[in-house]
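Report on the structure
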Amino acid sequence: MQNTERTDFSLWRRIVGGPALAAFGAAMLAISWSYPSGSVVQMGPGYMPHLVSGTLIFFGLAILVSDLRTTETFESEQPQWRALILISAAVIIFVTLIEPAGLVPAMFCAVAISKLANKQSGPLSIVIYSAAVTLAGWLLFIVALGLPLSVFGR
Amino acid sequence: MAEQFLLGLSVVLQPHVLMYAFFGVLLGQVIGVLPGVGAITAISLLLPVTFYLDPTSSVILLAGIYYGSQYGGAIASILLNLPGTPSSVVTCLEGYPLAQSGRAGFALLVTAISSFIGSMFGVLIVVLAAIPMAALALKFGAPEYTMLVALGLVAASLISSGSPIRAFSMALVGIALGMVGSDANTGQYRFVATDALADGISLVSLAMGLFGVSEIIRNASNVETRKIDIKLSYKDLLPTRAELRSMVSPVGRGASIGAFFGALPGTGAAIAAFMAYALERRISRTPKEFGKGHLPGLCAPESANNAAAQTSFIPTLTLGIPGDAVMALIIGALILNGIIPGPRLIVDEPQLFWGVIASFFVGNIILLIINIPLIGLWVRLLSIPYHRLYPAIVLLICVGVYSHRSSVTDVVLTLVFGLLGYVMKWFRFEPAPVLLGFVLGPMLEENFRRTMLLYSGDFTVFVTRPISATLVFCGVALLVFTFVSAIVSRRKTLKSLKGHSGPFSV
Amino acid sequence: MLKKLMLALPVVAMMSGAALGADDYPDRSIRFIIGFGAGGNADTVARIVAEPMSKDLGQPVVVESKPGAGGNVASDFVSKSDPDGYTIQLMVGGHAVSAALYKSQPFDPLDDFTFISTIGQFPFFVAAQAGAFESIEDLIAKAKAAPGTLKIGHSGVGSTQHLTGELMDLKTGADFIHVPYKGGAAAATALLGGEVDVVIDTGTVMTPQEAAGSFDILAVSSAVRWPDKPDVPTLSETVSPDFDIVSWTGVGMPAGVPAEVADKLRASLHAAMADPDVAARISKLGAKPSPSSGEEMRAMVERQIGLWKTVVDAAGVQKR
């Protein structure tokens, strides 16, 4: 919440939002191009995707036009690149480790890496903290709830 | 009716049955708080235990987990913007801002009260009107579901604070995401990039990503501890008289909506919560307050999802038809105990039927009693500095989503939606309508196409069937009302602008 | 150091190979993979047998759900896991249907698996609203008299229920409209509400409605009458000679599991099913407990794959 400030709706944000939506619609249309669409009465699997993607492209362009003309101000936030990258890395490492290595290593690494997103923590505190959280996670998911997850590899 | 209910109470109040009810709601509460770990996981893990219990205790235990999880779901939503269950997504919208402004304890208390009243209303409907409700539910065929969902999409298209066109675009994105998987009417795969997507994107991934993960990214780097005062005195906790008064109608409306949607086998608690929220927004005189911790927007959906959790037992108990996977498991537990659920249950097994219903009553009281003292404990969670808290939340999300169906793809998707939810705010796109579209879109397509197949493409079914026609009428009336009120309010603002500028311009 | 490790590897591998001997098996928990979400029949069946098997083998048999693509995600996972007996799969009739329905599968539905035993066999029932039709003959006659008007509700495109309905069309020459629902319960609801005329599904879906007098069960899909419902005529004795559809649940493992390990697991499964309580639970789910040998199960799966391929092609069901 602290990262927000009241600024103008900056130009690049005005230019990117609508076209990004239109691009999503266009990609959807391209993928669903080969799905048979049928008729209103006998809809094929492609009917709704074509309809929705077409509307999205139209709306995307409409939003671009209205954004370029708007004079409203808008609460915008500073991009948190460090957090974005490290949280992503934490999830990716969890995903890579969970099946080959098991729950405990995956939990430990995910916690440690996501902890790095905040500059405050030193290496030792990260290790201690991660170990503690991993232990708590093990107690919760394996001991208390008995979820069918492998603890250490298979 | 009172006599049978007393019979039910006498069953529940036996100490061992009471113990199962208590254990069930407690476990449900815990499961509900944990994001991704759903009632279904807990119930299927406990299914073998029920082999050795009598059928009444089995169902009381399993049912307690289910409605207990509805209670718990709100807690993580309010404290961490992390929907514990899909039906508590809407609770994030108003509950989290309230907690951010230091009123987490108040939000939790209000939620507990709304949930309790919603549940009790649901129980009342089950006691008094189970059979007529079941008969009504059977009148809902494909055309009715089509129109109901269409009405919902119209009513809810203004669910975000931004412009309607942006909100509607986001609902379309949700509908698009809902199409991933095999097409229900032909079986053809759509947008299936890997086999793991063949069953579609899971609602858990989408909700957890858009709300939970994006909020973590937003706040993880904050160096200073969050300045949230923890107000725990009675004065801060208890709603004022005015606040209480403003809760009454939303809770009542939410409970009615929830009771209705819960009783329909095709819809459930999540849809009920969305609808209740959308309705409050539509009829509110202060729509600008929504999204900032507005009380009606918090109590209505909570009351609705809890009412729905109770009435969703109506088709299960009276018709023997499970509305969702949880109910299917409960029916499975009955069948394994040699009891055939269905219309004869109430006659053949009155002890079980009324015992289970009375257990809802008792279970909800237990939930209220264990929840109120816990509020203080939950709120203290917020006194932990966020930089110590968020890695544990990342962990809860990863493990919770993974355990949902042992799929790494689901976890990756949660991250993707988290990034999406983070980035889309830069461009003034709101995440809530995406979820709404995701939930309602597939239902709309499936039921519309089924209607066309069943009635060989005859559009008049929508207006010749009475319930469907009523829904069409409501939809049209809503559109007209919206349009007219928009014009009126624009005129008013123009007038007031003129009024203001008048003296100065002279 | 690295060299030493490399030298040690084959030794370790041999040792773990030796550990595969049936004497030590199992010395850790066994993963019991199901291809469907919690709450389904497959999940329940798996839990019913997993519990006594855990006691018998002295190691936990942990049910793990890997849903997706009609069970294909789980089958793919199991076919590619180590053939050491610690990953087993609950297979269902859908295993044979998928082989016919999917344009390509990342595994061979027969050769990539070691078949252990079937657990239960169950037929499908043809039901209509009470009093709507006098008999199955009446239903088929009315369907033939007005082609393309009567509707069959089924539990999803490509489900065994759906294909059984298509097979009924093909064999009797009737022309039903096949309406997909999300699961058997939704189809039964549609029949209760009168949205469809007929539903084809399992006994678990039908029995409650039959007991309540809402549904008439007109016929059963198996070749002989089903012991639970001896009054219900078979399709084969009435409208469609040789009609024989019986779905099943069973246990499989990846191909290449040592015979002793497979035998030990089979013995444990059969012992579990011999327990009257366990057998009774399987029966209550509408299935006939049917322990078999691995060869019998494989032959049955092979036969069904052939049958479903014919049905999918003849009925023009969309392949995936």
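The model shown is predicted, which means the values in this text are computed figures rather than measured ones.

Each value, and the rule that gives it
Residues numbered from 1 in each chain as written. Chains lettered and ligands numbered in written order. Predicted model: local features only at pLDDT ≥ 70, side-chain atom pairs only at ≥ 80, totals over all residues. Helix = DSSP H or I, 4+ residues; strand = E, 2+ residues; numbered from the N terminus. Buried ≥ 20, exposed ≤ 12 C-beta atoms within 10 Å, placed from the backbone. Contact = placed C-beta atoms within 7 Å. Rg over C-alpha atoms; globule rule 2.2 N^0.38 Å. Pairing = 2+ DSSP bridges. Axes fitted to C-alpha atoms, helices over the stretch in contact; angles between N-to-C directions. Nonpolar A, V, L, I, M, F, W, Y, C, P; charged D, E, K, R; others polar. pLDDT = per-residue confidence, 0-100. Left-handed = near helix turned anticlockwise from the far one by under 90°. Core = buried A, V, L, I, M, F, W, Y, C linked by C-beta atoms within 7 Å. Expected span 1.5 Å × (residues − 1). Bend = angle between axes of the 7 residues up to and from the residue. Domains from an automatic or database assignment.

Moving on to the overall build of chain A. Across its full length, chain A carries 5 helices and 2 strands. In chain A, which comprises 154 residues, the share counted as buried stands at 34%. Intrachain contacts of chain A at a sequence separation of at least 6 include 60% that bridge at least 24 residues.

This part is about the overall build of chain B. Looking only at helices and strands, chain B features 21 helices and 2 strands. Relative to the globule expectation of 23 Å for 506 residues, the C-alpha radius of gyration of chain B, 23 Å, shows essentially globular dimensions. The principal-axis extents of the C-alpha atoms in chain B amount to approximately 85 × 60 × 50 Å. Counting across all 506 residues of chain B, residues that qualify as buried make up 62%. For chain B, long-range pairs separated by at least 24 residues make up 79% of all intrachain contacts whose partners lie at least 6 apart in sequence.

Right, let's get into the sheet that holds strand β11 (residues 288-289) of chain C. Residues and elements named next belong to chain C. Pairing is mixed in the open sheet, where 6 strands are placed in the order β2-β1-β3-β10-β4-β11. Every other strand in the sheet has two partners, leaving β2 (61-65) and β11 as the edge strands with one partner each. Summarising the sheet, strand β1 (residues 30-34) and β2 pair through 5 bridges and their orientation is parallel. Directly across from F32, in β2, lies its bridge partner V63. The strands touched by helix α10 (residues 259-274) within the sheet are β3 (87-92), β4 (113-123), β10 (246-254) and β11, with β4 carrying the most contacts at an inclination of about 20°.

Moving on, we come to the interface of chain B and chain A. Taken together, the contact between chain B and chain A spans 46 residues of the former and 56 residues of the latter. Of all elements in the fold, only α7 (164-178), α8 (203-219), α17 (386-405), α18 (408-424) and α19 (432-454) of chain B reach the threshold of two or more residues within the side of chain B that touches chain A. Broken down by element, the residue count for the side of chain B that touches chain A peaks at 10 residues, all from α17(B). Class assignment of the residues belonging to the side of chain B that touches chain A gives a composition of 30 nonpolar, 9 polar and 7 charged.

Right, let's talk about the sheet that holds strand β8 (residues 198-201) of chain C for a bit. All names here are of chain C. Across the sheet, 5 strands lie side by side as β7-β6-β8-β5-β9; this open sheet has mixed pairing. Of all strands in the sheet, those with a lone pairing partner are β7 (177-180) and β9 (215-220), marking the two edges. Within this sheet the neighbouring strands show an average axis-to-axis angle of 30°, counted without direction. On top of the sheet, helix α5 (residues 136-145) reaches β5 (125-129), β8 and β9; it is set at about 90° to β9, its chief contact. Helix α7 (residues 184-192) contacts β5, β6 (151-154), β8 and β9 of the sheet and is inclined by roughly 160° relative to β8.

Here we come to the pairing of β3(C). Residue and element names in this part refer to chain C. Counting buried positions along β3 gives 6 out of 6 residues, so the element sits mostly inside the fold. A two-sided burial pattern is seen for β3, the buried positions comprising T87, Q89 and M91 on one face and I88, L90 and V92 on the other. Note that β1 and β3 share 4 bridges and pair parallel. Note on β3: the bridge partner recorded for I33 is Q89. The pairing of β3 with β10 spans 4 bridges and is classified as antiparallel. Considered in β10, the bridge of M91 is made with G250.

Looking now at the confidence of the model for chain B. Residue and element names in this part refer to chain B. Per-residue confidence for chain B averages 86 on the pLDDT scale, and 93% of its residues sit at or above 70. Overall, residues 500-506 carries pLDDT values under 50, and its contacts beyond four positions in sequence, including any with other chains, amount to 0 contacts. This prediction of the complex comes with two scores: 0.86 for pTM and 0.92 for ipTM.

With respect to the helices and strands, the residue A:S10 is situated in the loop between β1 (4-8) and α1 (11-32). Through-space distance from the C-alpha of A:S10 to that of A:S114 is 30 Å; in sequence the pair is 104 residues apart.

Helix α4 (residues 55-80) of chain B packs onto helix α2 (residues 15-33) of chain B with a crossing angle of 30° between their chain directions and a minimal axis gap of 5 Å. Of the two possible hands of crossing, α2(B) and α4(B) adopt the one that is right-handed.

So, about the packing of helix α10 (residues 241-263) of chain B against helix α12 (residues 295-311) of chain B. Residues and elements named next belong to chain B. Remark: α10 packs on α12, axes separated minimally by 6 Å, with the N-to-C direction vectors making an angle of 35°. Here the hand of the crossing between α10 and α12 comes out right-handed. Looking at side-chain class alone, the contact of α10 with α12 contains 17 nonpolar, 9 polar and 2 charged residues.

Now for the interface of chain B and chain C. With 43 residues of chain B in contact, the opposing surface of chain C contributes 41 residues. Elements with a contribution of two residues or more to the side of chain B that touches chain C: α3 (39-50), α14 (325-336) and α19 of chain B. Among the elements that line the side of chain B that touches chain C, the one with the most residues is α14(B), at 7 residues. Residue composition of the side of chain B that touches chain C, grouped by class: 24 nonpolar, 13 polar and 6 charged.

As a further point, take the nonpolar core. Counting 312 residues, the largest nonpolar core has A:I87, A:A110, B:L62, B:F274, B:V394, B:C398 and C:V49 as its most contacted members. Dropping the residues within four chain positions of it, B:L62 is found in contact with B:G24, B:I43, B:L46, B:T50, B:L329, B:I330 and B:A333.

As a further point, take helix α16 (residues 350-380) of chain B. Between its first and last C-alpha atoms α16(B) spans 45 Å; for 31 residues at 1.5 Å apiece the expected length is 45 Å, and the two agree. A bend of about 45° at B:L374 is the largest found in α16(B).

Now for the pairing of β9(C). Residues and elements named next belong to chain C. For β9, the tally of buried residues reaches 6 of 6 residues, placing the bulk of the element in the interior. As judged from the 5 bridges shared by β5 and β9, these two strands associate in the antiparallel manner. Looking at the pairing, A128 lines up with D216 of β9.

Moving on, we get to unusual backbone geometry. Following C:Y25, the chain continues to C:P26 via a peptide bond in cis, the omega torsion being -10°. Mapping C:P26 onto the fold places it in the loop between α1 (2-18) and β1. Look at B:S406: it is not a glycine, yet its phi comes out positive at around 45°. Mapped onto the elements of the fold, B:S406 is located in the loop between α17 and α18.

Under the domain assignment, chain A is made up of domain 1 (4-77) and domain 2 (81-144). In this structure, domain 1 of chain A and domain 2 of chain A have C-alpha centres spaced 36 Å apart.

This paragraph deals with α7(C). All names here are of chain C. By the criterion of burial, α7 is predominantly enclosed, with 8 of the 9 residues buried. Buried within α7 are the following residues: G184, A185, A187, A188, T189, A190, L191 and L192. Downstream of α7 by a residue or two, G194 has a phi angle that is positive, lying close to 80°.

Our focus in this paragraph is the environment of B:G268. Residues and elements named next belong to chain B. Position of G268 among the secondary structure elements: in the loop between α10 and α11 (269-283). Spatially, the C-alpha atoms of G268 and T311 are 9.3 Å apart, while their sequence positions differ by 43 residues. Here G268 is in contact with F261, G262, A308, S312, G323 and D324, once residues within four sequence places are set aside.

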